[in-house]
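Spelled out from the first residue to the last, the chains are:
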Number of protein chains: 2
Amino acid sequence: MKRKNVLRIAVLFFIGTCAALALSTPALALSTPALAQAKAQDSLPSWNEGPVKQAIVSFVQKVTDKSGPAYVPPAERIATFDQDGTLWVEQPLYAQGMFALDRVRELAPQHPEWKTTEPFKSVLSGDQAAMAKLTEQDWQRLIAATHAGMTTEAFLQIAREWLAHARHPRFQRPYTELVYQPMLEVMRYLRANGFKTYIVTGGGQEFVRVYGEQIYGVPPEQVVGSSIATRYEYQNGKPVLMRLPKVFFIDDHAGKAIGINLFIGRRPYAAFGNSGGDREMLEWTGAGGGARLMMLVLHDDPEREYAYGPAEGLPDTRVGKLSQALWDEATKRGWVVISMKKDFKRIFTWQ
Amino acid sequence: MKRKNVLRIAVLFFIGTCAALALSTPALALSTPALAQAKAQDSLPSWNEGPVKQAIVSFVQKVTDKSGPAYVPPAERIATFDQDGTLWVEQPLYAQGMFALDRVRELAPQHPEWKTTEPFKSVLSGDQAAMAKLTEQDWQRLIAATHAGMTTEAFLQIAREWLAHARHPRFQRPYTELVYQPMLEVMRYLRANGFKTYIVTGGGQEFVRVYGEQIYGVPPEQVVGSSIATRYEYQNGKPVLMRLPKVFFIDDHAGKAIGINLFIGRRPYAAFGNSGGDREMLEWTGAGGGARLMMLVLHDDPEREYAYGPAEGLPDTRVGKLSQALWDEATKRGWVVISMKKDFKRIFTWQ
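The rules we used
- Residues numbered from 1 in each chain as written.
- Chains lettered and ligands numbered in written order.
- Predicted model: local features only at pLDDT ≥ 70, side-chain atom pairs only at ≥ 80, totals over all residues.
- Heavy atoms only, no water.
- Helix = DSSP H or I, 4+ residues; strand = E, 2+ residues; numbered from the N terminus.
- Buried < 20%, exposed > 50% of the residue type's maximum accessible area, 1.4 Å probe, protein only.
- Areas by Shrake-Rupley, 256 points an atom, 1.4 Å probe, with all protein chains shown as cover.
- Least-squares fit on C-alpha atoms with pLDDT ≥ 70 in both.
- Contact = heavy atoms within 4.5 Å.
- Expected span 1.5 Å × (residues − 1).
- Salt bridge = Lys/Arg side-chain N within 4 Å of Asp/Glu carboxyl O.
- Buried area = accessible area lost by both parts, 1.4 Å probe.
- Polar contact = N/O pair within 3.5 Å; in protein donor to acceptor, adjacent residues only side chain to side chain.
- Nonpolar A, V, L, I, M, F, W, Y, C, P; charged D, E, K, R; others polar.
- Phe/Tyr/Trp six-rings, centres within 6.5 Å; stacked < 30°, edge-to-face > 60°.
- Lys NZ or Arg CZ within 6 Å of the ring centre and 35° of its normal.
- Axes fitted to C-alpha atoms, helices over the stretch in contact; angles between N-to-C directions.
- Parallel < 35°, antiparallel > 145°, perpendicular 65-115°, else oblique.
- Arc of directions from axis to C-beta.
- Pairing = 2+ DSSP bridges.

Enquirer: Looking at this structure, how should I read the overall build of chain A?
Expert: In terms of helices and strands, chain A carries 15 helices and 7 strands. Relative to its 351 residues, chain A shows a buried fraction of 61%. If you sum the accessible surface of chain A, you get close to 13,000 Å²; carbon and sulfur atoms cover 54% of it.

Written out as structure tokens, the structure is:
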């Protein structure tokens, strides 16, 4: 397992009480695609005008035009979204990674031996240099200690509580307020046009399900993610699912195409990502016939958010990035790159 | 892996062109639960009056009554159905098992060595006694030879074609016509009352997805089943998912509760099964709070269908059955047993 995957597993399973993020009314309750098309421009107010916004609108017009050659019946309208770095902030570390580290600190009093045992020692001492060198085995131990050995219900509750109180180190806001407003608008715009929107994340399925409905309007059954194995047991005569310290499925890279086939069983017509972990999802989507929309979010706005990835000479970092190779593939295959700096009029609801 | 599971894996992944089974119009397109309740009796015309039919109607009334204590918001209304023996005939062998045996016969000319190699030799010679003694390893070899080594698209096509032509040995009809009409009515009745209906089968997920929408009105993303591993590959520059001769997930027994949590992420309010493989699904459903409906189909009608299972002194068989232990648990936990003989006015649409 690659380091990134292990990191993502550390980010498995949950978030919570989540501030209500402008989900008060589904953007459009239109009865006909034609009407939806006419109002399309109004549905994406946080996007700057330009070819990227136009690509979204054109795609929706094509697949909803009953008389056109690219018409797609509503039942087949599937759109998949990566989460970390595509729908919300993933710097300086995935929220779920932050959760794992916080859990180590919280559980430390029950484990006095951690003070002298790696990888816990580095985490507890806040030794950033040492933490940057954690191995796969180290992360697996952190995950086992923080994400397993409890029932699914207990884990969801812990995740909910963490999300309610944790704050992002730079923005000093709950992680659930670090969702990209323009992407929320795309999700609602697609749903208003008959699409089912799915989150397809390398992060933990259970973790994302805690807040997916409230934050994104995506119900649990439309969250596809990485998972650990569970065991069916009885506690006081009542069945529970016990979380085991064992990876079951990694929904990243090729796993995203496999996961889409496994969980959805239909090929998406639109897919959104931001890193190499999304490459196969976009390829799988693009390999279908007819009109398809593949988009990549480029993080090129250090003032309002972050800048990372080698495209346009931006510095590389260890987490999800739009690499040069991915940029080249996007160009070759006609995928659309979203520049956060140029295309997002507003990034967060509170900005 | 148990013999039954291997058998079910042999039954993995598909069915096809499927005769249109009275799905012309969704039974009720009612706008309010109250209206749906008023018409409830009309929604289940193939059920005889009695406590079993009444249990279904009462449950729906309770969970849709906004002013009642057991009200369930529409988004949480999940109902899960086992397939083989619960929604359609599973005797004398699961349709997918029949498919595996037919595939061996079809592929035999390309494998002259099969004439002298077990387990293929027994299948090709039609030696029923030998076939009844096939081991787990034997079945795994049959599965590998018939269900793997091809892309998902190729498999779906093969499955579709088989379903279009295969006939049940006793009824001499396509398997897709051997669906229980009363159960179709329950599915439609629940959907008309805001439920999402899922198939949760020990059989192959891909196999059932081929015909699930046409036969049951259940789309691919609402079919949870057993699966084999797939690998993301490129063929002529285009990505494909190659089916590997390796089990990925067994959605049976405890796997049904695990699969429901994994794929749906919500606990069902209603669950329907017919055998020990459904026990944990019903337990998991019943362990939730509020009004829940757990039902078991008892096969006690040898004239119109089959009779098997030790309940009421019926003979046991090797496939799914309502065993004495399950019958006892049903009694203890308040699960409702459906007698096909007493409760089904009509079993098949063509009867």
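Enquirer: Just checking my understanding: could you explain the relation of the copies chain B and chain A for this structure?
Expert: Think of it as a corkscrew move, a rotation about one axis and a shift along it, taking one chain copy to the other. Rotating chain B by 180 degrees about the axis while translating it 0.0 Å along that axis superimposes it on chain A, leaving an RMSD of 0.0 Å. With respect to symmetry, the two chain copies, as superposed, fit the operation of a two-fold axis. Closest to the rotation axis within chain B is the C-alpha of Phe-263 of chain B, separated from it by 3.3 Å. The residues that chain B uses at the interface reappear at the interface of chain A in 100% of cases, marking a shared surface.

Enquirer: Teacher, can you tell me more about helix 5 (residues 95–107) of chain B here?
Expert: Note that an α-helix has 3.6 residues per turn; residues three or four places apart therefore point the same way. Residues and elements named next belong to chain B. Taking 1.5 Å per residue, 13 residues should reach 18 Å; helix 5 reaches 18 Å between its end C-alpha atoms and fits that length. With 10 of 13 residues buried, helix 5 is to be regarded as a mostly interior element. Those residues of helix 5 that sit buried are Ala-95, Gln-96, Gly-97, Met-98, Phe-99, Ala-100, Leu-101, Arg-103, Val-104 and Leu-107.

Enquirer: I tried to follow the pattern of salt bridges on my own but got confused; where do I start?
Expert: Should their charged atoms come close, side chains of opposite charge can pair. One pass over the structure, following the stated rule, counts 32 salt bridges over all chains. With its nearest N and O atoms 2.8 Å apart, the salt bridge here joins Glu-177 of chain A to Arg-173 of chain A. You can call Arg-173 of chain A partly exposed: its relative accessible area is 26%. Glu-233 of chain B is the partner of Arg-231 of chain B in a salt bridge, and the nearest nitrogen-oxygen pair spans 2.7 Å. Ionic contacts of the salt-bridge type, sharing partners, join the residues Arg-279, Glu-280, Glu-283, Glu-329 and Arg-333 of chain A into one network.

Enquirer: Even after reading the chapter, I still don't get the interface of chain B and chain A, so can you show me in this structure?
Expert: At the interface, 40 residues of chain B touch 40 residues of chain A. Summed over both sides, the interface between chain B and chain A buries roughly 3,200 Å², with carbon and sulfur atoms accounting for 52% of that surface. In terms of surface lost to chain A, no three residues of chain B exceed Glu-221, Tyr-232 and Leu-262 of chain B, which account for 20% of the buried area on that side. Joining chain B to chain A, the criterion identifies 8 salt bridges. Its salt-bridge partner being Lys-196 of chain A, residue Glu-221 of chain B comes within 2.9 Å of it at the nearest N-O pair. Seen at the junction of chain B and chain A, the total is 26 residue pairs in polar contact (both at pLDDT 80 or more). Here the side of chain B that touches chain A is built from residues that sort into 19 nonpolar, 8 polar and 13 charged.

Enquirer: Quick question: what am I supposed to make of the packing of aromatic side chains here?
Expert: All names here are of chain A. Applying the stated criterion across every chain, the model contains 42 aromatic pairs over all chains. Taking 6.1 Å as the distance between ring centres and 40 degrees as the angle between the ring planes, the aromatic pair formed by Tyr-180 and Phe-348 counts as tilted. Remark: Phe-348 occurs in the segment after helix 15 (340–343) and Tyr-180 occurs in the loop between helix 9 (152–165) and helix 10 (181–192); sequence separation between them is 168 residues. The exposure class of Tyr-180 is buried, given its relative accessible area of 0%. A connected cluster of aromatic rings, assembled from ring pairs, spans Trp-88, Phe-99, Phe-155, Trp-162, Tyr-175, Phe-207, Tyr-211 and Tyr-216. Across from the ring centre of Tyr-306, 4.9 Å away, lies the NZ or CZ of Arg-170, which sits over that ring.

Enquirer: When you look at unusual backbone geometry in this model, what are you seeing that I'm missing?
Expert: Glycine aside, negative phi is the norm for most residues, and most peptide bonds take the trans geometry. Look at the link from Glu-118 of chain A to Pro-119 of chain A: it is a cis peptide, with omega at 5 degrees. Structurally, the position occupied by Pro-119 of chain A is in the loop between helix 5 (95–107) and helix 6 (120–125). Phi at Gln-172 of chain A is positive, roughly 50 degrees, even though this residue is not glycine. Of note, the phi angle at Asn-236 of chain B is positive, near 55 degrees, even though the residue is not glycine. Positionally, Asn-236 of chain B belongs in the loop between strand 3 (223–235) and strand 4 (238–249). Using a relative accessible area of 84% as the deciding quantity, one classes Asn-236 of chain B as exposed.

Enquirer: How should I be thinking about the packing of helix 5 of chain A against helix 9 of chain A in this particular structure?
Expert: Helix-helix packing is described using two parameters, namely the angle between the two axes and the distance between the axes. Residue and element names in this part refer to chain A. Helix 9 packs onto helix 5 with a crossing angle of 100 degrees between their chain directions and a minimal axis gap of 11 Å. Between helix 5 and helix 9, the angle is such that the two are roughly perpendicular. Contacts between helix 5 and helix 9 involve Ala-95, Met-98, Phe-99, Asp-102 and Arg-103 from the former and Phe-155, Ile-158, Ala-159 and Trp-162 from the latter. Taken together, the residues that form the contact of helix 5 with helix 9 break down as 7 nonpolar, no polar and 2 charged.

Enquirer: Which parts of the structure should I look at to understand helix 9 (residues 152–165) of chain B?
Expert: In a regular helix each residue adds 1.5 Å, so 14 residues correspond to 20 Å; helix 9 of chain B covers 20 Å between its end C-alpha atoms and thus fits that length. Burial in helix 9 of chain B covers these residues: Thr-152, Phe-155, Leu-156, Ala-159, Trp-162 and Leu-163 of chain B. Around the axis of helix 9 of chain B, the buried residues are gathered within 130 degrees of arc, so they sit on the same side. Of the surrounding secondary structure, the elements contacted by the buried residues of helix 9 of chain B are helix 12 (254–263) of chain A together with helix 5, helix 8 (136–147), helix 11 (205–216), strand 3 and strand 4 of chain B.

Enquirer: What is the right way to look at the sheet that holds strand 7 (residues 336–339) of chain B in this model?
Expert: Neighbouring strands of a sheet are bound in pairs by backbone hydrogen bonds; such pairs are parallel or else antiparallel. One open sheet holds the 7 strands; their spatial order is 4-3-2-1-5-6-7 (chain B), and the pairing between them is mixed. Both edges of this open sheet fall to strand 4 and strand 7 of chain B, since each of them pairs with a single strand only. Strand-to-strand twist across the sheet, computed as the mean angle between neighbouring axes with direction ignored, equals 30 degrees. Sheet analysis places strand 3 of chain B next to strand 4 of chain B, joined by 8 bridges and oriented antiparallel. Directly across from Ser-227 of chain B, in strand 4 of chain B, lies its bridge partner Phe-249 of chain B. Contacts between helix 12 of chain A and the sheet are confined to strand 3 and strand 4 of chain B, with strand 3 of chain B contributing the most and set at about 145 degrees to the helix.

Enquirer: How should the sheet that holds strand 5 (residues 270–273) of chain A be read in this particular structure?
Expert: The strand order across the open sheet built from 7 strands is 4-3-2-1-5-6-7 (chain A), with neighbouring strands paired in mixed fashion. Both outer strands of the open sheet, strand 4 (238–249) and strand 7 (336–339) of chain A, are each paired with one neighbouring strand and no more. On average, each strand axis in the sheet is tilted by 30 degrees relative to the strand beside it, whichever way the strands run. Packing against the sheet, helix 13 (residues 279–286) of chain B makes contact with strand 3 (223–235) and strand 4 of chain A, and its axis sits at approximately 90 degrees to strand 3 of chain A.

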